[in-house]
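Here's the letter readout for the chains.
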Amino acid sequence: MLAIIASTAVVVLAGCTGLGAIAPDDQPVRDDDGRIIEPNEQTDAFALQVGDCLDDATETGEVQTVPTVPCDEPHDSEIYSAHLLGRSAYPGEEAVIGQAEALCLPAFEQFVGEPYLDSRFDFSYYYPTDESWANGDREVLCVIYDPEGPVTGSLAGITD
């Protein structure tokens, strides 16, 4: 399981395991540079990586897949940073969320090119749940989005 936190919504992503087999249809089609080049309504949550653009604004509850699209098409959000948490026992959801915020906030400014508080954009993050942690998941994925709606193109280096 992975979870995502946004300022106004919570979505739990329940991937089978980061270590298990992934069906070919759950893998995004990527070019030689790793960019997604075809939309995929059901990309496995554990196949997501920095630079992927997502159509995840309506995702709620527990899910195993996330809709992905090429970044040059309208999309809801973009993964801008990834971080691995420690190898100890699961510290609890509150502690994981605190770590995710502490990691994603400074990465936001590096990615966008301006401080979070000065930006019209917002961020959320996918993070490990106790179940996914038990299966080896330690990754936090930081996600940027425009609260006003979908964007086209990467938000890297964008400023208002």
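Analysis parameters
- Residues numbered from 1 in each chain as written.
- Predicted model: local features only at pLDDT ≥ 70, side-chain atom pairs only at ≥ 80, totals over all residues.
- Heavy atoms only, no water.
- Core = buried A, V, L, I, M, F, W, Y, C linked by side-chain atoms within 4.5 Å.
- Buried < 20%, exposed > 50% of the residue type's maximum accessible area, 1.4 Å probe, protein only.
- Helix = DSSP H or I, 4+ residues; strand = E, 2+ residues; numbered from the N terminus.
- Contact = heavy atoms within 4.5 Å.
- Pairing = 2+ DSSP bridges.
- Disulfide = S-S within 2.5 Å.
- Polar contact = N/O pair within 3.5 Å; in protein donor to acceptor, adjacent residues only side chain to side chain.
- Expected span 1.5 Å × (residues − 1).

Caption draft 1: The arrangement of the nonpolar core in detail. If you look at the biggest cluster of nonpolar residues, it comprises 20 residues, and the most contacted ones within it are Tyr-80, Cys-104, Phe-108, Tyr-125, Val-140 and Ile-144. Elements with a minimum of two residues in this core: helix H1 (93–112), strand S8 (122–128) and strand S9 (139–145). Counting residues per element, this core draws most heavily on H1, which supplies eight residues. Setting aside residues up to four positions removed in sequence, Val-140 forms contacts with Ser-81, Ala-82, His-83, Leu-85, Ala-100, Cys-104, Tyr-125, Tyr-126, Tyr-127 and Pro-128. Among the nonpolar cores identified, the runner-up in size contains seven residues, and Leu-54, Val-66, Tyr-126 and Val-143 belong to it.

Caption draft 2: Inspection of the pairing of S8 at higher detail. The element S8 is largely enclosed, with a buried count of seven among its seven residues. Because side chains alternate across S8, one face comprises the buried residues Asp-122, Ser-124, Tyr-126 and Pro-128, and the other comprises Phe-123, Tyr-125 and Tyr-127, equally buried. In the sheet, S8 pairs with S9 via five bridges, with the strands oriented antiparallel. Residue pairing in the sheet places Asp-122 in a bridge with Tyr-145 of S9.

Caption draft 3: Representation of the state of the cysteines. Taken as a whole, this structure holds two disulfides when the rule is applied. One disulfide bridge connects Cys-53 with Cys-71, the sulfur atoms lying 1.9 Å from each other. Where Cys-53 bonds to Cys-71 through sulfur, the torsion about that S-S bond is close to 100°, and the disulfide is right-handed. With a gap of 18 residues between them, Cys-53 in strand S4 (residues 53–54) and Cys-71 in the loop between strand S6 (65–69) and strand S7 (77–84) connect regions that are remote in the sequence. You'll find Cys-53 and Cys-71 in the same group, each marked buried. Disulfide pairing places Cys-104 opposite Cys-142 at an S-S distance of 2.0 Å. An S-S torsion of about -80° defines the bridge between Cys-104 and Cys-142 as left-handed. Remark: Cys-142 occurs in strand S9 and Cys-104 occurs in helix H1; sequence separation between them is 38 residues. According to the relative accessible area criterion, Cys-104 is buried, its value standing at 0%. Taken in sequence order, the bonded cysteines of the protein link in the pattern 1-2, 3-4.

Caption draft 4: Structural view of the side chain of Ser-77. Along the polypeptide, Ser-77 turns up in strand S7. Here the side chain of Ser-77 touches Asp-56 through a polar contact of 2.8 Å, side chain to side chain. If near-sequence neighbours (up to four positions away) are discounted, Ser-77 is found in contact with Asp-52, Cys-53, Leu-54, Asp-56, Val-143, Ile-144 and Tyr-145.

Caption draft 5: Here's a closer look at the environment of Tyr-125. Topologically, Tyr-125 is positioned in strand S8. With 24 residues separating them along the chain, Tyr-125 and Glu-101 place their C-alpha atoms 8.0 Å apart.

Caption draft 6: Here's a closer look at H1. Taking 1.5 Å of rise per residue, 20 residues should cover 28 Å, and H1 covers 27 Å from first to last C-alpha, within 8% of that figure. Among the residues of H1, those classed as buried are Val-96, Ile-97, Ala-100, Cys-104, Ala-107, Phe-108, Phe-111 and Val-112. Directly beyond the C-terminal end of H1, a positive phi value near 100° is found at Gly-113.

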